[in-house]
Amino acid sequence: MNVIFMGTPDFSIPVLEGLVKSEKHTVKAVVTQPDKARGRSGKLKFTPVKEYAIENGIDVYTPERVKDEAFVKTLKSIDCDVIVVIAFGQILSQEILDIPKYGCVNVHASLLPRWRGAAPMQWAILSGDKKTGITTMQMDAGLDTGDMLMQEEIEIADDETDETLHDKMAPLGSELLLKTLDGLESGTIVAQKQNNEESTYAKLLKKEMGEIDLSWEATKIERYIRGLSAWPGAFTHFGRKTLKLFAAEVVEGQTEYEPGTVCEVTKKYFCIQTGEGILKVKEVQLEGKKRMDAASFLNGNHLSVGERMNSQ
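Rules behind the numbers
Residue indices follow the written sequence of each chain, beginning from 1 at its first position. Confidence filtering applies because this is a predicted model: local features only for residues at pLDDT of at least 70, side-chain atom pairs given and counted only at 80 or more, and all residues used for totals across whole chains, interfaces and linings. Just so you know, side-chain values use all the structure's heavy atoms and leave hydrogens and water out. Here is the rule: rings of Phe, Tyr and Trp (six-membered ring for Trp) pair when centre to centre is within 6.5 Å. Planes less than 30 degrees apart are stacked, more than 60 are edge-to-face, and the remainder are tilted. Should the NZ of a Lys or the CZ of an Arg lie within 6 Å of a ring centre and within 35 degrees of the ring normal, that charge is described as sitting over the ring. Only DSSP runs of H or I with at least four residues qualify as helices, and only runs of E with at least two residues qualify as strands; both kinds are numbered from the N terminus onward. The salt bridge criterion pairs a side-chain nitrogen of Lys or Arg with a carboxyl oxygen of Asp or Glu, the two atoms within 4 Å. Definitions used throughout: a 1 Å grid over protein atoms alone; a cavity as a set of points that fits a 1.4 Å probe which cannot get out; a pocket as an open set with protein on both sides within 12 Å along at least five of seven lines; a lining residue as one with an atom within 4 Å of a point. Grid points are joined across faces, edges and corners, and a volume is the space filled by probe spheres set on the points. What a helix should span is 1.5 Å times the count of its residues minus one. When DSSP finds two or more bridges between a pair of strands, those strands are recorded as paired. In this text, buried Ala, Val, Leu, Ile, Met, Phe, Trp, Tyr and Cys residues form a nonpolar core when linked through side-chain atoms within 4.5 Å. Note on exposure labels: buried denotes an accessible area under 20% of the residue type's maximum, exposed denotes more than 50%, and partly exposed covers the range between, all computed with a 1.4 Å probe on protein chains only. Residues are treated as being in contact if the distance between any of their heavy atoms lies within 4.5 Å.

Draft legend 1. How the structure looks around the packing of aromatic side chains. For the structure on display, the rule yields five aromatic pairs. Aromatic side chains Trp-216 and Tyr-224 sit 5.0 Å apart centroid to centroid with 55° between the ring planes, which places their arrangement in the tilted category. Joined through ring pairs, the aromatic side chains of Phe-238, Phe-270 and Phe-297 make up one cluster. Across from the ring centre of Phe-46, 4.0 Å away, lies the NZ or CZ of Lys-50, which sits over that ring. In this arrangement the basic side chain of Lys-280 is found over the ring face of Tyr-269, its NZ or CZ atom lying 4.3 Å from the centre.

Next up, the structure:
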């Protein structure tokens, strides 16, 4: 098939790479988000997908609005059987959806209809899901509401972070897309409608989501530590400084201390009483410092039983 690929972050790269290396498909063009200014210098930075496309000699387009009439005209001029979309970041119009013979196929990082939306991997971890996966979907005008084509399931490990799950899911998406395109071309895929009543929404992550409420139960806090590890990071406060939490365990039981109180300090870790259960903290990053294990943190900072966290 002749393919137009639409994607932006590094999660999209394995799918694009799979298409490029496939003998059955030709990537005619890549569409990605516009370059963005980064850092104090304001220097423009390419998206990961644009970098890959340039390295591989593929034509790249970076429209501000993919639905603009002029760009839709450009898309129609490209010889294309299917448009493949993964983490692109813009909504496609019905006019675009109708361009290719086989329509627009989305590679989505969840078991639809669960976790439609922008951050499905993170919300699967935050919510304590035991499994997730990849769904290929025939796109329609809604937000991840199109008919499902194929699914591949994956277990979420007890210590899974958003970063480790990302690394497992990305290659899975590539394999499933190639199977999906084969099925579409041969006419063997039977699309299935989503059950809207079972749908959940994975809303966009925001920086303020990282601030942990220590009155939550320890299991929820531990999930937020893992699910927000890459960004924005789960954090509390130590004195007047932000303290990010990167690794922790849940310890059953209660103490007489109020939630947010340090209830145990050893040479290797420290524990915080939460609203329900105890959080055993093993890896942190204090504002202005590098990420370190709890032992290194305790060597350089005095922490006492009875001290309150998250109080500035």
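Draft legend 2. Representation of unusual backbone geometry within the structure. Residues Leu-112 and Pro-113 are joined by a peptide bond in cis, for which omega reads 10°. Turning to its location among the elements, Pro-113 is positioned in the loop between strand S7 (104-108) and strand S8 (116-117). Geometrically, the link from Trp-231 to Pro-232 is a cis peptide bond, its omega value of 0° lying close to zero. Within the secondary structure layout, Pro-232 lies in the loop between helix H7 (218-227) and strand S12 (234-238). The phi dihedral of Ala-87 is positive, around 50°, even though this residue is not glycine. Looking at where Ala-87 falls in the secondary structure, it is placed in the loop between strand S6 (82-86) and helix H4 (94-97).

Draft legend 3. Fine view of the pattern of salt bridges. Scanning the model with the defined rule gives twelve salt bridges in all. For Lys-131, the salt bridge identified is with Glu-153, shortest N-O distance 3.5 Å. Of this pair, Lys-131 sits in strand S9 (residues 131-138) while Glu-153 sits in strand S10 (residues 147-155); the two residues are 22 residues apart in sequence, bridging distant segments of the chain. Salt-bridge contacts for Lys-168 lead to Glu-160; the nearest nitrogen and oxygen are separated by 2.9 Å.

Draft legend 4. Summary view of the layout of surface pockets. For the largest pocket, the calculated volume is near 1,500 Å³. Along its surface, the largest pocket is lined by 49 residues, and Pro-9, Ala-87, Phe-88, Gly-89 and Ala-118 are the ones closest to its centre. For the lining of the largest pocket, the elements supplying multiple residues, two or more each, are strand S3 (36-38), helix H2 (48-55), S6, S7, helix H5 (120-126) and helix H6 (162-186). Here the second largest pocket defines a volume of roughly 240 Å³. Taken together, 15 residues form the lining of the second largest pocket, with Lys-130, Asp-158, Glu-222, Arg-223 and Arg-226 sitting closest to its centre. Among the elements of the structure, H5, H7 and strand S13 (241-251) are those that each provide at least two residues to the lining of the second largest pocket.

Draft legend 5. Spatial organisation of H6. Between the first and last C-alpha of H6 there are 36 Å, a value that for 25 residues agrees with the 36 Å anticipated at 1.5 Å per step. Of the residues trailing H6, Gly-187 is marked for its positive phi of about 75°.

Draft legend 6. View of the sheet that holds S6. The strand order across the open sheet formed by seven strands is S5-S2-S1-S6-S7-S9-S10, and the pairing between neighbours is mixed. The sheet is open, and its two edges are formed by strand S5 (60-61) and S10, each paired on a single side. Both strand S2 (residues 26-31) and S5 contribute to a ladder of two bridges, which runs parallel. Across the sheet, residue Val-30 finds its bridge partner in S5, namely Val-60.

Draft legend 7. Structural context of the nonpolar core. Within the largest apolar cluster, 66 residues are counted, with the highest numbers of intra-cluster contacts made by Phe-5, Val-84, Trp-123, Leu-243, Phe-270 and Phe-297. For this core, the leading source of residues is H6, giving eight residues. Residues contacting Phe-270, with those up to four places away along its chain left out, are Leu-243, Glu-264, Val-265, Leu-279, Lys-280, Val-281, Val-284, Phe-297, Leu-298 and Leu-303. Within the second largest apolar cluster, 21 residues are counted, among which are Ile-4, Leu-75, Ile-96 and Met-148.

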